[in-house]
Structures are given as structure tokens and as C-alpha cells.
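Observations on the model geometry
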Amino acid sequence: MSSSQTSSSPGPWDVPPWLKRIYEWSKVLAIPAIVGVAVAGYFGRQDAGVLGYVLGAFFCVVYFTIVFIRRNIQASHLAETLLSTSGDAPPDERARAVQELKRSSAFAKWVIVFLLVVALGSLVWLLYQPLSYAVRRERPKIVVFESIKYFDPTHDQDLFRESPFLEAVVAYLKDEGQAEGRQTGIVLGTTKAFVNPTPSLNLAISVDDDEQVVSGYAFRLHRANKRLSYDPVPVIYAKHSVAFSLPPCDPGDQLFFLGRLSLIKNGTAFPPNLQDNFTLSVSETH
Amino acid sequence: MTNTKLLLWFASLVSSLSAMLLTPSLEAQITVEGKVLDGSNHAVGGVDVAIYVPGNPSPIASQKSRPVTGEYHFDGLQLAGAFDIMYTHSQYDREIVSRLADQDNQHVSKVIYRKGQPRPLTAVHEQFSSARRFVFLASFLGSPNDRATFVGRVDEPALWDRLGRKIDDMTNEKVSEQMRTFLETEQRETLSFRNRLQ
């Protein structure tokens, strides 16, 4: 009775209904917000970002479902109490039960909409990458070097700073070349980035001159979460070429070649333009 | 008192010296030499030839095979047990000759094959054995740091991918069904060893 009077004529100290609703929602959203901030702080700097998003979405779904079920139980409990009371229940209790049931029903609609949106989003997110890969994947007809040059110890120090292990590879190739008793030059080459996803393919680097021998290592350059990784690529040697078996690549991936050009005859000059000297050819893997 | 101390010191010195002179040396000095050849029996220069005694992360000795002749020669090696020779080159598959006697001179000439080059079936089998021996040598090292040093020095991750190719693509010989089954079993087992390097 008193509650109906209060609602009909709100006093100056009564909290407005819209502020009450914000307060109610803030109670509901406080926990996911705190968890979200903690999780984002951790996963944001990790490669496992996707895992973080998945876990976050899963937590939201579970949380909202629990909130909904709890509210539903409360409303059902009220209705059950009302219906099990012998005789007529007081009007204010009936009104409270009906209001609770209405609120529960309204909340249920929002939860269903939310769950549908999450389910649809998950489905799109789940299917987007595989579908995009399946549609866009193709074997490039030609692959060209974006840059290929002789290693210069003074100008290429940045490369060693970024990827220190390359210094050991260069030293190893140099030592080996000197021990072979041939004139050798260390070559650094990077292909242009793949535009589309690619299947596994063989990429062969060859030289036309019989007096030149090319050898070395290749790596797939892959960028993920602002980090660059060098994935070693298996090598197969033929007489005048070296072929690399590239695994399936993502758009933006490149092949990085770190090799040695050896001249069989001492006294001959190194080719000045490596772009013209090296030929890149693509073939399918066996 | 002083004389007694002096006498004791002198006696211990004499006994130590006589023990050193009379005890025969357990580690003989030996020579290890040989040649590195490719699949066409041409000499290969520049190959890193390293002597490993299991339990040591670094080679006891190493040198590059000579240009033109492909020869190598280690003199005066004192080894504390049977040893392995590991052959490494950027163009060729790593090979290991294992369990050579440490008390006698050795002449070991080795055929190595270019990475991915089809080879006789016996060489395919040896490729698997070498990979497994490599994992064994790494596992034999007690400390994780030593293992990391050893693996970091000579392992080539791409080698394991090459070991996983079809047997028919790895050899230049006709493969009987029996031999294919045998080598595929060896291959599976060898590839399963890779995880032990991590």
C-alpha cells in the first residue's frame, strides 16, 4: 500500500527510475568489465589474442545466461508463492509478482537477442577465415625478388640487431665458403609479399652460369601480432638451383633467402646485378 | 720435528712421481683422417668435420675438409671413449659416423648427399640413423644448457621436414614393397624422436 503511494507521488529524495536502471545495469556489468580489463591487459600483448577473444565471448555468454536464469528463478518463485497461497493474495503482492514476471520476460527477450547476436557473430568469425582462404587461395604464377643484394657488414647491422641468429648463419656460410677455396659472396634476398593465401609450393632459385654455385638457407617471413617470425624452409639441391618447399603461406608472407654465391673459377668477377643473375621459378610440391 | 716433516714431504713426492710414471696412460693419442665425397664420388671441400665424444656439448676437435681433395686430418687426438664424427655442410645432409674406437688410428672416408638429392636405399636408411643418433647425442647431455648448445650448433630444423618426404622421392632406386614398409617404419620412428630435442 505504501509502495503504491510512493510510486504515485515521488518525494524529493527518491531516486529517479532511470538512475535506478543504470544502477541495476552497472551491477550486472561490473564483473564482466573488471574481468575484461584484466584479460585484455594480458592477452593483448600475447600471440594468443584470438584465444583471449574467444574466452571473453564465452565468459560474457555464460555470465548473461546465469544472470537471466537467476532472475527467472526469482520471478518463478514469486509466482509460485502467490499461486500456492490459499485465498486471494494481497493486491500489492500480486502486482509485484506480475511486474517481476514482466521484467523477467523482457530480460529474457534481451538475452535471446544477445545470444543470437553472439552465436551469429561466432559463426561468421568461425567461417570467415576458412572461406576466405578457400576462395582466395591460389598458387602464384611468378614470384620476384623485392630486393636482392650482397651482404654488407656495415649497412646490414640492423638485420642482425632484429634477428641475431642470422649473424651466426652468415658467419657459417662465410667460413664454409672460405674453406671451399672459392671466391664467395653472401647474398640477402627477400621476395615480394604474397597477395593471396598460397598452397604448399616449391620455389627454386637458379643461376644460368655454370661457373656459379648457389647455396644457403631460406625462411618464411610471417608477421603475427606485430611480431616477425622466421620459419625455416626445407631445401632441395639440384645442379644449378636450390629449391625451397614453402608451406601454405598467408597474405603478406615473404621468402627470405640467405645464401652464398660461389665462383668456381678464381679471378672471375661477381655479377653486379643480382636481380638479373638469379631466376625464381614456382612449381607444385610433389 | 722439522726433519720429520721434510722426510714425510719427500716421501709423498717420490710416491706421487712413481705413481705417475708407473701408471700407464689410459688415453692414447690417435690420428683420424679421411676424405669427404659426394654422391658422384667427387671430393667435397668446406665440410665441417667434427669429433664428438658423447656427453660433450661441443666437439673435441673440428676442421673443414680441404678444397679440391676433400681431405681432413686430425693429429694427436686424446679421447676419453668411443667417438662419433659429424659431417655438416650447408648444401649437404648432415651425417654421423658413430662409435669409432678411441684406441686406434682411424681412416674414415664418407659419402654425403646434397639436401633432397635422391640416393641409394642404404643411404636413405643411414639418413634416418644419423638423425636418431643426433637426438641420442643431445639426450645424452645432462644439462638443458648443454643440450641447447649442442642442438643450436648443429641442428637444422628443415632437415626433419626433408626426412618426412615419401620414400620413393628420397631414393634413386626401385623400392620393393618390403623395403618400403621397413623404411616407412624407420621414418615414423625417426620423426617421432624430433620432440625429444625440445
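Keep in mind the model is a prediction, meaning the values are calculated, not measured. (Residues numbered from 1 in each chain as written. Chains lettered and ligands numbered in written order. Predicted model: local features only at pLDDT ≥ 70, side-chain atom pairs only at ≥ 80, totals over all residues. Heavy atoms only, no water.)

A closer look at the overall build of chain B
Helix and strand content of chain B: six helices and eight strands. Of the regular secondary structure in chain B, the N- to C-terminal order runs α-β-β-β-β-β-β-β-β-α-α-α-α-α. Within chain B, the fraction of its 198 residues that count as buried is 43%. Sequence-distant contacts in chain B: of pairs separated by 6 or more residues, those separated by 24 or more amount to 63%. (Helix = DSSP H or I, 4+ residues; strand = E, 2+ residues; numbered from the N terminus. Buried < 20%, exposed > 50% of the residue type's maximum accessible area, 1.4 Å probe, protein only. Contact = heavy atoms within 4.5 Å.)

Some points on the overall build of chain A
Secondary structure summary: chain A contains seven helices and nine strands in total. In chain A, which comprises 286 residues, the share counted as buried stands at 34%. A total accessible area of about 18000 Å² is found for chain A, and carbon and sulfur atoms account for 63% of it. (Areas by Shrake-Rupley, 256 points an atom, 1.4 Å probe, with all protein chains shown as cover.)

A short note on the packing of helix α2 (residues 121-140) of chain B against helix α3 (residues 144-154) of chain B
All names here are of chain B. Look at α2 against α3: their axes get within 8 Å of each other, and the N-to-C directions meet at 150°. One finds that α2 runs roughly antiparallel with respect to α3. Between α2 and α3 the crossing geometry is right-handed. Touching F134, L137, A138 and S139 of α2 are R147, F150, V151 and V154, all from α3. Among the residues forming the contact of α2 with α3, the class breakdown is six nonpolar, one polar and one charged. (Axes fitted to C-alpha atoms, helices over the stretch in contact; angles between N-to-C directions. Parallel < 35°, antiparallel > 145°, perpendicular 65-115°, else oblique. Left-handed = near helix turned anticlockwise from the far one by under 90°. Nonpolar A, V, L, I, M, F, W, Y, C, P; charged D, E, K, R; others polar.)

Let's talk about the interface of chain B and chain A
Contact residues are listed per partner, giving 20 residues for chain B and 19 residues for chain A. Here chain B packs against chain A, burying approximately 1500 Å² in sum over the two surfaces, 60% of which is carbon and sulfur. In this assembly, chain B and chain A are joined by four residue pairs in polar contact (both at pLDDT 80 or more). Only β5 (83-89) and α4 (157-163) of chain B provide two or more residues apiece to the side of chain B that touches chain A. Here the side of chain B that touches chain A gets four residues from one element, more than from any other, and that element is α4 of chain B. Within the side of chain B that touches chain A, the residues separate by chemical class into three nonpolar, eight polar and nine charged. (Buried area = accessible area lost by both parts, 1.4 Å probe. Polar contact = N/O pair within 3.5 Å; in protein donor to acceptor, adjacent residues only side chain to side chain.)

Describing the environment of A89 of chain A
Residue and element names in this part refer to chain A. Looking at where A89 falls in the secondary structure, it is placed in the loop between α3 (49-84) and α4 (91-136). Take A89: its relative accessible area is 11%, and that puts it in the buried class. Those residues in contact with A89 that sit more than four places away from it in its chain are L82 and R94.

Re the nonpolar core
Counting residues in hydrophobic clusters, the biggest one holds 25 residues, and the most contacted among them are L203, I205, F244, L246 and F278 of chain A. Taken together, the elements giving at least two residues each to this core come down to β1 (145-150), β3 (201-207), β4 (212-224), β6 (235-237), β7 (241-246), β8 (254-263) and β9 (278-284) of chain A. Counting residues per element, this core draws most heavily on β3 of chain A, which supplies four residues. Once residues within four sequence positions are removed from consideration, L203 of chain A is found in contact with V143, T191, V242, A243, F244, L246, L255, L280, S281 and V282 of chain A. In terms of nonpolar packing, the next biggest core, distinct from the first, is built from 24 residues, V135, L141, L163 and I167 of chain B among them. (Core = buried A, V, L, I, M, F, W, Y, C linked by side-chain atoms within 4.5 Å.)

Topic: the pairing of β7 of chain A
Residues and elements named next belong to chain A. The buried count for β7 comes to six of six residues, which makes it a mostly enclosed element. Side chains S241, A243 and S245 project from β7 onto one buried face, and the interleaved V242, F244 and L246 project onto a second face that is buried too. In this sheet, β7 lies alongside β3 in antiparallel orientation, the contact comprising six bridges. Bridge assignment links L203 to a residue of β7, and that residue is F244. Sheet topology places β6 next to β7; three bridges connect them, and they run antiparallel. What sits directly across from V235, in β7, is F244. Turn length for the β6-β7 hairpin, with the two strands adjacent in sequence and antiparallel, is three residues. (Pairing = 2+ DSSP bridges.)

A look at the sheet that holds β1 of chain A
Residues and elements named next belong to chain A. Across the sheet, five strands lie side by side as β1-β2-β8-β4-β5; this open sheet has antiparallel pairing. Each edge of the open sheet is held by one strand with a lone partner, namely β1 and β5 (227-232). Within this sheet the neighbouring strands show an average axis-to-axis angle of 25°, counted without direction. Here β4 runs beside β8; their pairing, made up of 10 bridges, is antiparallel. Its bridge partner being in β8, Y217 is matched across the sheet by L258. Along the sheet, helix α6 (residues 165-179) contacts β2 (183-191), β4, β5 and β8; its crossing angle with β8, the most-contacted strand, is approximately 20°.

Quick notes on helix α6 (residues 177-192) of chain B
All names here are of chain B. When the terminal C-alpha atoms of α6 are compared, their 23 Å separation across 16 residues agrees well with the 22 Å that a helix rising 1.5 Å per residue should span. Looking at α6, one finds that the buried residues are R180, L183, E186, Q187 and T190. Mapping the buried residues of α6 onto a view down its axis gives an arc of 130°, with all of them on the same face. Exposed side of α6, more than 90 degrees from the buried face: E177, Q178 and R188 are the residues found there. At its buried positions, α6 is contacted by α2, α4 and α5 (167-170). (Expected span 1.5 Å × (residues − 1). Arc of directions from axis to C-beta.)

Observations concerning the packing of aromatic side chains
Residue and element names in this part refer to chain B. According to the stated counting rule, one finds 13 aromatic pairs over all chains in the structure shown. The interplanar angle of 90° and the centroid separation of 5.4 Å between the aromatic rings of Y52 and F150 together place this pair among those described as edge-to-face. On the criterion of sequence distance, the pair formed by Y52 in strand β2 (residues 48-52) and F150 in helix α3 is long-range, its members being 98 residues apart. Across this residue pair, the class does not change: Y52 and F150 are buried. (Phe/Tyr/Trp six-rings, centres within 6.5 Å; stacked < 30°, edge-to-face > 60°.)

Concerning a nonpolar patch on the surface
On the surface, V15, W18, L19 and I22 of chain A cluster together to form a nonpolar patch covering roughly 390 Å² of accessible area. Relative to the assigned elements, L19 of chain A resides in helix α2 (residues 17-43). (Patch = residues over 30% accessible without salt bridge, like charges linked within 9 Å, V, L, I, M, F, W, Y side chains within 5 Å. Salt bridge = Lys/Arg side-chain N within 4 Å of Asp/Glu carboxyl O.)

Some words on the confidence of the model for chain B
Residues and elements named next belong to chain B. Looking at chain B as a whole, its pLDDT mean stands at 88, while 86% of the residues score no less than 70. No element of chain B has a lower mean pLDDT than helix α1 (residues 2-22), at 58, and none a higher one than strand β8 (residues 110-111), at 97. Considering only residues more than four positions removed or in separate chains, one finds that residues 20-24, a stretch of pLDDT under 50, has zero contacts. Per the prediction output, this complex has pTM 0.68; the corresponding ipTM is 0.73. (pLDDT = per-residue confidence, 0-100.)

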